[in-house]
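Letter by letter, the chains look like this.
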Amino acid sequence: MTEKEYSREDWQGHYESNDLGWDLGQVAPPFVSLWEEKKLPVGKALVPGCGRGHEVIFLAENGFEVTAIDFSKGAVTYLERVLEERRLNGRVLHQDFFGLDNSHDGVYDLVLEQTFFCAISPRQRQDYVLNVARILKPGGMLVGLFYHTDKEGGPPYNTTREDIEMNFAMSFEVQELNKTSLSAEQRKDKEWLCILKKKD
Ligand SMILES: C[S@@+](CC[C@H](N)C(=O)[O-])C[C@H]1O[C@@H](n2cnc3c(N)ncnc32)[C@H](O)[C@@H]1O
């Protein structure tokens, strides 16, 4: 069992050695389907732990005012370059998600979660929920794919249905929580597609 927690330097090391096993190389297909079904609230969106930012690019292409956050320089540099090359608007913040200041409070219509909740230590999960609730507008949505690795240790740390229900129940109403046949091949039956609405 891996018990050492990942540091910022550990994550940055993955970008330096191009060891990005989590990177799908495309926006996760279930998000495209949600977009087509008009289930993603258009407006201001934030993507925490965005990595190379395939979700960020997708949101920017589809009219969202998107903010991306990652504390690894390699992720931020890559994403800024792609946004510029494609002439897309997007704000990329090189910082710790847990250090967002109060200028973000109540700002976002949507937080899009993709392989960030499983990247942080399970000890930080309540802090994640508090921060997402803090930065969302009343009635704002957290839409995410949560990694059900079914393995001990991490990262990636396993997320069960109960983990989601237990962690988010206080501040969010669960609207959908299911496995989806649209998952990328390597994630089939290994992720929860979850739509959560912030309680008033
Ligand atoms: C497993 S990767 C996922 C990247 C991207 N979401 C994807 O699916 O391709 C996790 C990312 O979260 C970033 N990260 C981890 N902890 C962070 C924190 N506390 N604040 C900001 N970024 C963080 C890492 O640098 C890394 O890019």
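Use the structure listed above.
Residues numbered from 1 in each chain as written. Predicted model: local features only at pLDDT ≥ 70, side-chain atom pairs only at ≥ 80, totals over all residues. Heavy atoms only, no water.

Asks: So, helix α4 (residues 73–85): which residues are in play, and what are the values?
Replies: When the terminal C-alpha atoms of α4 are compared, their 18 Å separation across 13 residues agrees well with the 18 Å that a helix rising 1.5 Å per residue should span. Of the surrounding secondary structure, the elements contacted by the buried residues of α4 are α1 (8–16), α3 (54–61), β2 (65–70) and β3 (91–94). (Helix = DSSP H or I, 4+ residues; strand = E, 2+ residues; numbered from the N terminus. Expected span 1.5 Å × (residues − 1). Contact = heavy atoms within 4.5 Å.)

Asks: Give me the lowdown on the site of the ligand, citing residues and values where you can.
Replies: Neighbouring residues of the ligand: 17 residues in total, closest Y15, G49, D70, S72 and Q114. Y15 is positioned with one of its side-chain polar atoms (N or O) 2.6 Å from an oxygen atom of the ligand. T115 is positioned such that a nitrogen or oxygen atom in its side chain is 3.1 Å from an oxygen atom of the ligand. With the chains in place, 96% of the 600 Å² that the ligand exposes on its own is no longer accessible. Assessed atom by atom at 2 Å from the grid points, the ligand resides in the largest pocket. (Near = heavy atom within 4 Å. Polar contact = N/O pair within 3.5 Å; in protein donor to acceptor, adjacent residues only side chain to side chain. Areas by Shrake-Rupley, 256 points an atom, 1.4 Å probe, with all protein chains shown as cover. 1 Å grid on protein atoms, 1.4 Å probe; cavity = no way out; pocket = protein on both sides within 12 Å on 5 of 7 lines; lining within 4 Å. Sits in = over half its atoms within 2 Å of the grid points.)

Asks: Help me get a handle on unusual backbone geometry, residues and values and all.
Replies: Note the cis peptide between G154 and P155, where omega equals 0°. Structurally, P155 is set in the loop between β5 (136–147) and α6 (161–168). With an omega dihedral of 0°, the bond running from P155 to P156 counts as a cis peptide bond. Take P156: it is sitting in the loop between β5 and α6. Non-glycine residue K38 carries a positive phi angle of around 60°. One can find K38 in the loop between α2 (29–36) and β1 (44–48). Since its relative accessible area comes to 75%, K38 is described here as exposed. Residues other than glycine seldom take positive phi values, yet D150 does so here, at roughly 65°. By the secondary structure assignment, D150 is in the loop between β5 and α6. (Buried < 20%, exposed > 50% of the residue type's maximum accessible area, 1.4 Å probe, protein only.)

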